[in-house]
Structure formats: C-alpha cells, structure tokens
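In case you want the letters, here they are:
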Amino acid sequence: MDLFISQTLNGLVYGALLFLLASGLSLIFGLMGVVNLAHGSFFMLGAFVGLSVAKATGSFWLAMLLAPLPVAAIALAMEVFFLRPLYKREKLDQVLLTFGFSFVFTDLVESFWGKDTFSISEPPSLEDSIEFLGGFFPSYRLAMLGFGLLAALILWLIIDRTRAGAMVRAGVDDSATAMGIGLNVPLLLTTTFTCGAALAGLAGVIAGPILGVYSGVDVEVLIPAFIVIVVGGMGSLKGAFVGSIVIGMADTFGKAYLPETAMFLTYVAMILILLARPGGLFGKV
Amino acid sequence: MTDASSFKPSRRSLIAGAGAAAALTFDAQLARVLAQGTGPIRIGVLNTFTKMAALFGETTMRGIEVYLEEHGGKIAGRPVEIIKEDDEFNPQVALQKLRKLVESDKVHVVLGPLGSHIATAMAGYMKQMGTPWIITGAGATALTKERIPNMYRATLTNWQVANPMGTWASANGVKESIVIASDFLAGHDVAEAFKETFEKGGGKVVKEIFSPVNTNDFSAYVSDIRATPAQAVYGFFTGSEAGRFVKQFQQFGLKGKMKLMGFQSMLDADTFPLQGAAAVGGLSTSIYCETLDTPENKHFVEMHAKKSKELPGIFTESGYTTMRIVDDAAQAVGGKIEDAAAFCIAIGKTNIMAPRGPVSFDPLTHQAIQNVYVREVVEQDGRLVNKVISVVPNVGDNPLNKV
C-alpha cells in the first residue's frame with residue numbers, strides 16, 4: 001500500500017476516535033457555556049469499566065455495551081447534584097467544579113484498579129490485518145473508523161432530524177430564548193451531559209486496545225479533544241466532525257513526515273485556523 | 001507520602017539493647033559507639049510512586065521488601081527503618097523530598113531514583129552532603145562521569161545495555177536497521193549507544209525516529225517503518241508506551257517481516273501483560289533475566305513468589321540487590337553505617353553473586369560492572385518469559401566516562 005494512503009487511513013482512524021470524544025464535549029459546551037474538564041475522566045472510567053467487563057466475561061462486545069452505562073449514571077448524578085446548583089453562579093465556578101471532579105475520578109480509578117497500565121484485547125474476529133491495495137491495515141482500526149462514521153451519522157440524524165435534536169440546537173443557539181418559548185432547558189442539559197458522557201465512556205472502551213487503559217489517559221485524550229472543538233467551533237457537531245479529521249490528519253502526517261515536530265503541528269493547525277476564523281470552522285463568532 | 005515501614009523496633013527494645021551493651025563493657029568509648037550502632041538503620045527510598053512511571057517505583061520497592069522480609073527486617077544485625085518518598089518524576093519535588101530525607105529524617109543511605117533527570121538534579125546536593133547514595137534506576141550514561149565519591153550506581157547504564165545489542169545484531173546477520181526511541185534523554189542515549197556498535201560491526205541505521213514522550217498512537221511510525229527495506233527495528237520505550245508500540249508493530253503486519261529488537265524495558269516482565277503474543281520472538285538486552293538458571297536467581301524468584309504472582313523484573317531485582325549491597329557493606333563496617341566515609345568505601349568493595357550474576361563497582365566511576373544478557377521472548381508454561389540466548393560477561397562503564 002502506498003505510504004500516503006496508509007497514513008491517510010491512520011489519520012482518519014485517529015480522527016474517528018477524537019470525534020467520539022469531541023462531539024459530546026462540544027455539545028455540552030454549546031448548551032452550558034462551560035468547558036467540562038471531567039470529560040476525559042468519562043473516557044477513562046469507560047475504559048476501566050470496559051476492562052473489568054472484558055476480563056470477567058471475555059467479551060469485548062459486552063464491554064462496549066455495558067461500560068457506558070455506569071459512566072452515564074455517574075455523569076447524571078454529577079450533573080443533577082453538583083453542577084445544577086452552580087448554574088446561577090459564574091462560569092468559572094462550574095469549570096473549577098469539573099476540574100475538581102477530574103481529580104476525584106483519577107483517585108477513584110487508582111484506588112480501584114491501581115496505577116498499572118492495562119490493555120483491552122480487541123475482539124478475536126478483528127485481531128488480524130486486512131490486506132488490500134498491496135498493503136496491510138489492522139482490521140480493528142478499520143472497524144474503529146467505521147464505527148466513528150456510524151456514530152457521526154446517528155448523531156447528525158438525531159441533532160438535525162428529530163424534535164429532540166431541534167431542541168438541543170435551540171438551546172445551543174440561545175438558551176434564554178429557548179427557555180422563554182417553553183423548552184425545558186435543564187432537562188435538555190442533563191440529557192446531553194449524560195449522553196455525552198456515555199459516548200466518551202464508549203470511546204474509552206473502543207480506544208482500549210490501541211491507547212491502553214491507565215490513570216492519566218484522561219488528560220492525554222482531553223487535550224487533543226479540546227483542540228478539535230476549538231478548531232471546529234464550540235457547540236457545533238459539524239465542527240467537531242471536521243475538526244477531528246483535521247487534527248487527526250495533522251497529527252498523523254506530522255508524525256510521519258516531521259516526527260520531531262509532530263506535537264507542535266497540531267497546534268500550528270489550530271493557530272492557522274483560528275487566525276482565519278476566530279470562532280472555529282463552524283462556530284458562532 | 002511517607003511510609004515508615006513495619007521494620008521499626010519498639011522504643012523499649014532499643015533502650016534495653018543500648019543499656020545492655022553499655023553494661024557489658026567497661027570501655028566508655030566503645031559503649032558510645034555501640035549505642036550509636038544499635039539504633040535502626042534509616043534508609044531513604046526516593047523513587048517515583050505516582051504518574052506514568054509509578055509501576056517502576058513500586059516494583060523497586062517490592063525488591064527492597066523481599067530482601068528485608070528474607071532477613072527478618074534486619075541489616076548487619078540492626079533493625080531497618082525504610083522512609084519512602086515519592087518524587088512524582090519531578091526534579092523539583094525530588095529535591096524537596098531529598099532534603100527532608102537527608103536533613104530531617106537523617107537517613108544513613110539514600111536509594112533511588114528512577115529518572116535520570118532526577119538523579120542529575122540530586123547530584124550536586126548529594127555531593128555536598130556526602131550521604132551515601134546508591135542509584136537503583138536512573139540509567140543516563142553521563143551520570144557516572146561526574147565521579148561523586150558517595151554515589152554508586154547498582155543498576156544499568158543506557159550505554160552498558162544498548163551497546164551489546166548493536167554488536168549482537170551486526171554479528172547475527174542484520175544489515176540494515178531502523179532505530180525508534182522515545183524523545184527524551186534516555187531515548188537519545190540508547191539510540192546512540194546501539195548505533196555505535198551496530199555500525200562498527202558493519203550494519204547501517206537507515207532511519208532514526210524520535211517519537212514524542214507518551215505517544216499513544218504509533219500507526220504513523222509503524223507505517224513509515226513498513227515502507228523501508230530494513231530487516232530490523234531497534235526500539236527504546238518503557239511502560240505503557242512499550243506496550244503500545246510492540247502491539248501496533250504486530251497489528252500493522254511488521255512482525256514476521258522484521259526482527260524486533262529493543263532496550264530491556266521494551267520487552268520485559270512488566271510489559272508482557274500489555275503486549276501478549278505480539279512480544280513473542282522479540283529480542284532485547286538487559287542486565288537481568290527472570291529465567292536465569294543460577295542458584296542465586298532461583299532463590300530470589302522463590303522469595304519473590306511469596307509477594308507477587310508475577311515474575312520479578314529488572315527493577316525488583318535492582319531493589320533486592322541494592323539492599324544486599326547495603327547489607328554487605330554495613331556488615332563490613334561492623335554495623336556502623338553512621339561512618340559514611342567508611343561505609344562508602346565498603347560499598348565500593350562489593351563483589352557479590354546477585355540474582356543477575358556477578359556485581360562489582362568500577363573503582364573510578366562507581367558504575368556496577370555486570371553481565372549483559374541477550375534475551376528472547378518465549379512462551380513457557382502458558383506465560384511469556386525472557387530466555388537468555390547469549391551472555392556478554394562483565395560489562396563495565398562507558399570508556400568515555402573514564403577519561
């Protein structure tokens with residue numbers, strides 16, 4: 001396989017993973033106007049719960065199915081009991097709260113699972129590599145890419161084509177007006193927050209075979225996810241999608257062709273896009 | 001995070017012991033020395049117990065504990081108090097904790113650290129204070145160039161381990177190789193040491209890749225490696241990075257196509273759970289191998305089995321052997337570890353058969369002289385282990401450190 005094609009695929013796979021994380025983060029930001037610094041923790045929690053389920057049952061698919069549930073439950077409790085009382089306060093207070101929660105989750109994970117690095121094995125049916133265009137590509141990674149695209153499609157259908165989606169969009173555009181015309185914005189918030197967390201938890205399981213499962217993975221995935229939503233425009237699903245691809249590509253091609261400056265390149269991409277469009281590619285300015 | 005371990009004597013037994021010693025002798029001078037020599041030996045362990053390198057701090061500590069339990073919590077007949085401090089892999093934190101250990105806990109010897117950047121930060125202070133110091137983890141080659149009189153390194157140097165792999169590879173049919181390493185001090189140190197002997201032996205490094213520390217996704221690099229004609233890859237990664245790299249090496253179909261070679265930390269007991277079958281057939285060099293067929297190692301593995309289901313890795317062995325060195329040196333000075341100068345000289349005279357093989361110190365640089373093993377990962381009784389395929393006996397310090 002041509003090196004360029006395989007690197008493009010690598011970039012898309014990384015982008016798909018980023019999208020699973022960034023979509024929830026972006027919608028939550030759009031609704032609450034608050035950056036959820038505990039979003040990476042949901043990813044990490046999902047990964048660890050998935051690890052335990054996979055170990056206990058031997059099934060990756062079951063881990064994928066079950067892991068998002070407790071994560072969603074935790075997120076629900078966090079939103080209802082801790083974040084909601086702070087909505088009337090300044091944004092900074094809410095951000096600090098989510099920041100505090102990220103420490104709590106890290107300590108929780110360390111006390112339950114320890115500080116070791118674990119790995120979830122991919123399902124046996126996806127263990128091999130697929131040979132095409134005269135080259136190899138791991139089938140699990142192709143499945144990840146497919147899954148990311150599927151998730152994007154489903155999210156787009158929900159947000160763009162359903163009544164619930166229209167309510168979310170209205171809330172993102174102007175939550176005060178939305179409330180004024182009778183939309184239950186707090187309920188909308190709780191739902192979005194919980195679903196976003198579940199999606200992050202799911203991403204944690206899916207990333208498990210590739211990134212590994214360890215305390216600290218939360219920060220490592222949260223930072224690129226932030227770059228994605230800044231590039232794509234905060235609160236925009238389309239922005240999260242395009243941003244994920246842009247950052248996934250910048251990172252992969254940077255690593256391949258300019259390995260020493262790879263980390264720097266994703267930031268260059270961000271700076272260039274922000275210079276041209278300060279609100280991000282699809283954001284409100 | 002201070003952990004005064006369970007090897008503390010009760011105050012009463014201490015006073016009783018000192019009293020008895022004083023009563024038995026009429027020589028006041030001797031009584032004073034004995035009283036001084038019967039309190040607990042305080043050992044400061046400064047290592048990384050949190051963050052990405054936590055695993056290594058904990059396995060080092062396990063080795064120390066195995067030794068103490070085997071010897072009833074005593075060294076040279078004196079009880080031992082371990083004072084454990086976490087450096088958080090951060091030189092600034094490390095220096096604060098080090099000051100506490102040396103100035104307020106008044107430890108008799110400092111064991112650690114893991115990170116070379118931390119050892120470098122410690123060097124000036126330790127030289128000034130003169131407290132005996134044995135390095136259990138930091139492998140930066142240049143550390144022993146400093147020649148700090150009270151510093152000994154009881155573990156590997158990057159040069160010591162990476163150099164023999166280059167020799168072995170060039171002598172065993174590898175013509176062209178790629179070097180990929182984590183982009184920090186140790187990675188560059190190791191890459192250079194491998195390249196030195198590999199190219200001297202007629203091999204050629206066709207590409208050098210330095211990936212950012214804590215890279216999650218190696219797909220771009222392994223795709224790149226695929227596109228070159230090299231027959232082998234030499235890698236330097238530790239912990240979770242080693243797990244991910246070796247796994248992705250297999251996922252991208254490189255296994256079987258190329259020889260996988262690496263630094264000891266890349267294919268070690270610590271990383272096997274992350275790598276699984278992807279590690280099988282991988283070659284690495286190390287100063288230790290868990291399946292070494294010597295009475296010393298068998299005994300150690302047996303002792304270790306009481307504390308852990310896993311086989312011991314290099315850091316556990318390092319903790320264990322370092323305690324043996326402290327014990328022997330303390331015995332050589334009659335238990336009077338307080339006499340730092342004499343104790344340091346005694347450490348320098350170490351000549352033991354450790355689980356890893358013979359260990360002594362270079363009189364000039366204070367680097368441990370030890371065997372280096374070329375190892376291959378095999379599956380044995382349902383688990384992955386390293387097997388020795390070649391031994392390079394008594395490898396010392398980098399000659400450049402001696403000029």
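Placed above this text is the structure.
Numbering of residues starts from 1 in every chain and runs along the sequence as written. Note on labels: chains are lettered from A, ligands numbered from 1, in written order. Given that this is a predicted model, residues contribute local features only at a pLDDT of at least 70 and side-chain atom pairs are listed and counted only at 80 or more, while totals for whole chains, interfaces and linings are drawn from all residues. Each side-chain value is derived from all of the structure's non-hydrogen atoms; neither hydrogens nor water enter the calculation.

**So, the overall build of chain B**
The line we're drawing: Under the DSSP-based scheme used, a helix requires at least four consecutive residues in state H or I and a strand at least two consecutive residues in state E, with every element numbered from the N terminus. For a compact globule the rule gives 2.2 Å times the number of residues to the power 0.38, and the radius of gyration it is set against comes from C-alpha atoms. Exposure categories follow from relative accessible area, calculated using a 1.4 Å probe and restricted to protein chains: below 20% of the type maximum is buried, above 50% is exposed, and the middle band is partly exposed. Throughout, a contact is declared for two residues whenever any of their heavy atoms are within 4.5 Å. For the charge count, each Lys or Arg is scored as positive and each Asp or Glu as negative, with His and the chain ends excluded. Lys charges are placed at NZ, Arg charges at CZ, Asp charges at CG and Glu charges at CD.
Counting secondary structure elements, chain B contains 13 helices and 16 strands. On C-alpha atoms alone, chain B measures out to a radius of gyration of 22 Å, which is about the 22 Å that the 2.2 N^0.38 rule sets for 403 residues. For chain B, the C-alpha atoms occupy an extent of roughly 80 × 45 × 35 Å along the three principal directions. Per-residue burial over chain B gives 60% buried out of 403 residues. Within chain B, counting contacts between residues at least 6 apart in sequence, those at least 24 apart form 69% of the total. Computed over 41 positive and 41 negative side-chain charges, the separation of the two mean positions in chain B equals 1 Å.

**A closer look at the overall build of chain A**
The condition that has to hold: Computed with the Shrake-Rupley method and a 1.4 Å probe, the accessible areas treat only the protein chains shown as cover for residues.
Within chain A one finds 12 helices and two strands. Overall, chain A shows an N-to-C arrangement of helices and strands of α-α-α-α-α-β-β-α-α-α-α-α-α-α. In terms of overall size, chain A behaves like a compact globule, its C-alpha atoms giving a radius of gyration of 19 Å where 285 residues would be expected to give roughly 19 Å. Considering only C-alpha atoms, chain A reaches an extent of 60 × 45 × 35 Å along its principal axes. Residues classed as buried in chain A amount to 54% of the 285 residues present. Pairs at least 24 apart in sequence give 77% of the contacts found in chain A among residues at least 6 apart. For chain A, the exposed area adds up to about 12300 Å²; of that, 72% sits on carbon and sulfur atoms. Side chains of chain A give 14 positive and 18 negative charges; the mean places of these two sets differ by 13 Å.

**A closer look at a nonpolar patch on the surface**
All names here are of chain A. Under the convention used in this document: Patch criteria: residues need more than 30% relative accessible area and no salt bridge. Like-charged residues are merged within 9 Å; nonpolar side chains of Val, Leu, Ile, Met, Phe, Trp and Tyr are merged within 5 Å. The term salt bridge refers to a pairing of a side-chain nitrogen on Lys or Arg with a carboxyl oxygen on Asp or Glu at a separation within 4 Å.
The grouping of Leu150, Leu153, Ile154, Trp156, Leu157 and Ile158 at the surface amounts to a nonpolar patch, some 520 Å² of accessible area in total. With respect to the helices and strands, the residue Ile158 is situated in helix 6 (residues 139–161). Overall, Ile158 belongs to the partly exposed group, its relative accessible area being 39%.

**Digging into the nonpolar core**
Our working rule: The term nonpolar core refers to a set of buried residues drawn from Ala, Val, Leu, Ile, Met, Phe, Trp, Tyr and Cys, joined through side-chain atoms within 4.5 Å.
Core analysis: the largest hydrophobic core is formed by 106 residues, its most contacted members being Phe42 of chain A together with Phe245 of chain B. At 15 residues, the largest contribution of residues to this core is made by helix 1 (residues 3–32) of chain A. For Phe42 of chain A, the residues in contact, after removing those within four places along its chain, are Asn36, Val71, Ala75, Met78, Phe105, Phe193, Ala197, Ala200 and Gly201 of chain A. Counting residues in hydrophobic clusters, the runner-up holds 43 residues, among them Leu111, Ile134, Val333 and Ala368 of chain B.

**Overview of the side chain of Gln370 of chain B**
All names here are of chain B. Note the following rule: Pairs of N or O atoms are called polar contacts if they sit within 3.5 Å, as long as, within protein, a hydrogen donor faces a hydrogen acceptor (for residues adjacent in sequence, only side-chain-to-side-chain pairs).
Among the structural elements, Gln370 can be located in strand 15 (residues 368–380). The exposure class assigned to Gln370 is buried, which follows from its relative accessible area of 0%. A polar atom in the side chain of Gln370 sits 2.8 Å from the side chain of Gln160. Dropping the residues within four chain positions of it, Gln370 is found in contact with Thr155, Leu156, Gln160, Ile287, Arg356, Pro358, Pro393, Asn394 and Val395.

**As for the interface of chain B and chain A**
Operational definition: Buried area adds together the accessible area that both of two parts lose upon being put together, with accessible area traced by a 1.4 Å probe.
If you look at the interface, chain B gives 28 residues, while chain A gives 30 residues. When chain B packs against chain A, the two sides together hide about 2500 Å² of surface, and 50% of this comes from carbon and sulfur. By the criterion of area lost to chain A, the three top residues of chain B are Asn216, Asp217 and Gln251 of chain B, representing 22% of everything that side buries. Joining chain B to chain A, the criterion identifies two salt bridges. The partner of Asp217 of chain B in a salt bridge is Arg141 of chain A, with the nearest N and O atoms 3.1 Å apart. Taken together, the links from chain B to chain A amount to 11 residue pairs in polar contact (both at pLDDT 80 or more). Secondary-structure elements contributing two or more residues to the side of chain B that touches chain A are helix 3 (54–70), strand 9 (204–211), helix 8 (219–226) and helix 9 (239–251) of chain B. In terms of residues, the side of chain B that touches chain A owes the most to one element, helix 8 of chain B, which gives six residues.

**Observations concerning helix 12 (residues 262–276) of chain A**
Selection criterion: In this analysis, the expected span of each helix is defined as 1.5 Å times one less than the number of residues it contains. What the arc measures is the spread of directions leading from the helix axis to the C-beta atoms.
Between its first and last C-alpha atoms helix 12 of chain A spans 22 Å; for 15 residues at 1.5 Å apiece the expected length is 21 Å, and the two agree. Of the residues making up helix 12 of chain A, those classed as buried are Ala262, Thr266, Ala269, Met270 and Ile273 of chain A. Down the axis, helix 12 of chain A shows its buried residues gathered within 110° of arc, on one side only. Across helix 12 of chain A from its buried face, at more than 90 degrees, point the exposed residues Met263, Phe264, Leu272 and Leu275 of chain A. Buried residues along helix 12 of chain A sit against helix 10 (217–232) and helix 11 (237–257) of chain A together with helix 8 of chain B.

**A word on the environment of Glu199 of chain B**
Residues and elements named next belong to chain B. As for its position among the elements, Glu199 is in helix 7 (residues 185–200). Sequence-wise, Glu199 and Thr167 are 32 residues apart; in three dimensions their C-alpha atoms are separated by 8.6 Å. With near-sequence residues (within four places) excluded, Glu199 lies in contact with Lys204 and Val205. A polar contact of 2.9 Å, which involves the side chain of Glu199, links it to the backbone nitrogen of Val205.

**Considerations on the pairing of strand 13 (residues 351–354) of chain B**
Cut-off, in case you're wondering: Paired strands are those between which DSSP finds at least two bridges.
Residue alternation in strand 13 of chain B divides its side chains into a buried set, Ile352 and Ala354 of chain B, and an unburied set, Asn351 and Met353 of chain B. In this antiparallel pair of consecutive strands, strand 13 of chain B and strand 14 (residues 357–361) of chain B, the connection spans two residues.

**Notes on the packing of helix 10 of chain A against helix 12 of chain A**
Residues and elements named next belong to chain A. What counts, and what does not: Only the stretch in contact is used when fitting a helix axis, every axis being a line fitted to C-alpha atoms; angles between N-to-C directions are given from 0 to 180 degrees. Roughly parallel covers angles under 35 degrees, roughly antiparallel covers those over 145, roughly perpendicular covers 65 to 115, and oblique covers all other angles. Here a crossing is called left-handed whenever its near helix is offset anticlockwise from the far helix by less than a right angle, and right-handed whenever the offset is clockwise. Asp, Glu, Lys and Arg are counted as charged, while Ala, Val, Leu, Ile, Met, Phe, Trp, Tyr, Cys and Pro are counted as nonpolar; the rest, among them Gly, fall into the polar class.
Following both chains from N to C, one finds helix 10 and helix 12 inclined at 20°, their axes separated by 10 Å at the closest point. With respect to each other, helix 10 and helix 12 are oriented roughly parallel. The handedness of the crossing between helix 10 and helix 12 is left-handed. The residues of helix 12 that touch helix 10, namely those facing Ile223, Ile227, Val230 and Val231, are Thr266, Tyr267, Met270, Ile273 and Leu274. Tallied by class, the residues present in the contact of helix 10 with helix 12 amount to eight nonpolar, one polar and no charged.

**Regarding the packing of helix 4 (residues 91–104) of chain B against helix 5 (residues 116–129) of chain B**
All names here are of chain B. Contact pair helix 4 / helix 5: the axes reach a minimum separation of 9 Å and the direction vectors enclose 30°. Classed by the angle they form, the pair helix 4 and helix 5 counts as roughly parallel. For the element pair helix 4 and helix 5, the recorded crossing hand is right-handed. Residues Pro91, Ala94, Leu95, Leu98, Arg99, Val102 and Glu103 of helix 4 touch helix 5, and the partners they reach there are His117, Ile118, Ala121, Met122, Tyr125, Met126 and Met129. Counted by class, the contact of helix 4 with helix 5 contains 11 nonpolar, one polar and two charged residues.

**A closer look at helix 9 (residues 185–211) of chain A**
Residue and element names in this part refer to chain A. How we decide: A residue's bend is the angle separating two fitted axes: one through the seven residues that end there, the other through the seven that start there.
With 27 residues, helix 9 should reach 39 Å at 1.5 Å per residue; the first-to-last C-alpha distance of 36 Å fits that figure. At Val205, helix 9 shows its strongest bend, of approximately 30°, with the proline Pro209 following within four residues. Taken across its 27 residues, helix 9 has 23 buried, putting it largely inside the fold. Its side-chain oxygen placed 3.3 Å from the backbone nitrogen of Leu187, Asn184 serves as the N-cap of helix 9.

**Topic: the packing of aromatic side chains**
The test is simple: Pairing of aromatic side chains here covers Phe, Tyr and the six-membered ring of Trp, requires ring centres within 6.5 Å, and sorts the geometry by plane angle: under 30 degrees stacked, over 60 edge-to-face, intermediate tilted. Criterion for a charge above a ring: Arg CZ or Lys NZ at most 6 Å from the ring centre, at most 35 degrees from the ring normal.
Across all of its chains, the model carries 28 aromatic pairs over all chains by this definition. Pairing Phe4 of chain A with Phe253 of chain A gives two aromatic rings, centres 5.4 Å apart and planes at 45°, and the pair type is tilted. Taken as a pair, Phe4 of chain A in helix 1 and Phe253 of chain A in helix 11 lie far apart in primary sequence, 249 residues in all. Taking relative accessible area as the criterion, Phe4 of chain A reaches 49% and is therefore assigned partly exposed. For the pair Phe194 of chain B and Tyr234 of chain B, a centre-to-centre distance of 4.0 Å together with 0° between the ring planes defines the contact as stacked. Of this pair, Phe194 of chain B sits in helix 7 while Tyr234 of chain B sits in strand 10 (residues 232–236), and the two are 40 residues apart along the sequence. By the burial criterion, Phe194 of chain B is buried, and Tyr234 of chain B matches it. One Lys or Arg, Lys84 of chain B, reaches over the ring of Phe49 of chain B and ends 4.6 Å from the middle of that ring.

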